[in-house]
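Chains, contacts and geometry: an overview
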Amino acid sequence: MIKFRSALTEFREDLEAARNRDPSARSLFEIALGYPGVHAIWFHRIAHRMWQVPRLRLVARLLSQTVRAVTGVEIHPGAQLGRRLFIDHGMGVVIGETAVVGDDVLLFHGVTLGGRSMRRGKRHPTLGDNVTVGAGAKVLGPVSIGSGAQIGANAVVITDVPADYIAVGIPAKIRPNPASLPNIGYADDPAIYI
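The sections below set out a description of the structure shown in this document. Predicted, not measured: the structure shown is a model, and the values here were computed from it.

Right, let's talk about the overall build of the protein for a bit. Looking only at helices and strands, one finds four helices and 15 strands in the protein. Residue burial in the protein is summarised as follows: out of 194 residues, 45% are buried. Within the protein, contacts between residues at least 6 apart in sequence are counted, and of these 32% link residues at least 24 apart. Total accessible area on the protein stands at roughly 10,400 Å², and carbon and sulfur atoms take up 59% of it.

Spelled out as structure tokens, the structure:
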């Protein structure tokens, strides 16, 4: 009974995260019925629990692939997702097996949390809490993205990003968040405003 309540709490938090981060969201009911990113997260939470039982791993993989076909979001059942994750729009998001995603993370469409090698072991990124990853961004390899960091749209990140920093470009250039700098009245690169 406690696990069921815990799952319901997580599902409710996922709905609230979507409502809080999507200005077009009208109601929790609309989100529950019409947001494929939320559906992908919910089914991942089930598949991830199954993945913990070795004899259920094939079933977990088949469930994740079915969800991918329906939602356009591919999350390996081994990936560890934090609470209140929101995947906005969803289509084309890929999250690899050894990825770890913190709490209150926002991912936009086309994001890849992928690997750079075919070796076993940790090969996907770790995202801290309150990270935002812009549309089309690729975060590749066992890199660490610090809490509060922002990854710009279409950036390709292959190195660690410190907490509260911004990474933009190909390959990504890492710079302090402008909010943490003295107000100079202008920005040298509009892409820093994700």
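Let us now look at the pairing of strand E15 (residues 173-176). As judged from the four bridges shared by strand E14 (residues 165-168) and E15, these two strands associate in the antiparallel manner. Looking across to E15, one finds that alanine 167 is bridged to isoleucine 174. Hairpin remark: E14 followed by E15, antiparallel, with four residues in the connecting loop; positive phi at glycine 169, about 100 degrees.

Sheet analysis places strand E12 (residues 150-151) next to E14, joined by two bridges and oriented parallel. Pairing of glutamine 150 across the sheet is with isoleucine 166, part of E14.

One side chain can pair with another of opposite charge once the charged atoms of both are near each other. Applying the stated criterion across every chain, the model contains 10 salt bridges. The partner of aspartate 104 in a salt bridge is arginine 21, and the shortest N-O contact between them spans 4.0 Å. One end of the pair, aspartate 104, is in the loop between strand E5 (100-101) and strand E6 (106-107); the other, arginine 21, is in helix H1 (residues 2-21), with 83 residues separating them in the sequence. Taken together, the shared-partner salt bridges in this structure form one network comprising Glu13, Arg21, Arg83, Arg84 and Asp104.

The rules behind each value
Residues numbered from 1 in each chain as written. Predicted model: local features only at pLDDT ≥ 70, side-chain atom pairs only at ≥ 80, totals over all residues. Heavy atoms only, no water. Helix = DSSP H or I, 4+ residues; strand = E, 2+ residues; numbered from the N terminus. Buried < 20%, exposed > 50% of the residue type's maximum accessible area, 1.4 Å probe, protein only. Contact = heavy atoms within 4.5 Å. Areas by Shrake-Rupley, 256 points an atom, 1.4 Å probe, with all protein chains shown as cover. Pairing = 2+ DSSP bridges. Salt bridge = Lys/Arg side-chain N within 4 Å of Asp/Glu carboxyl O.

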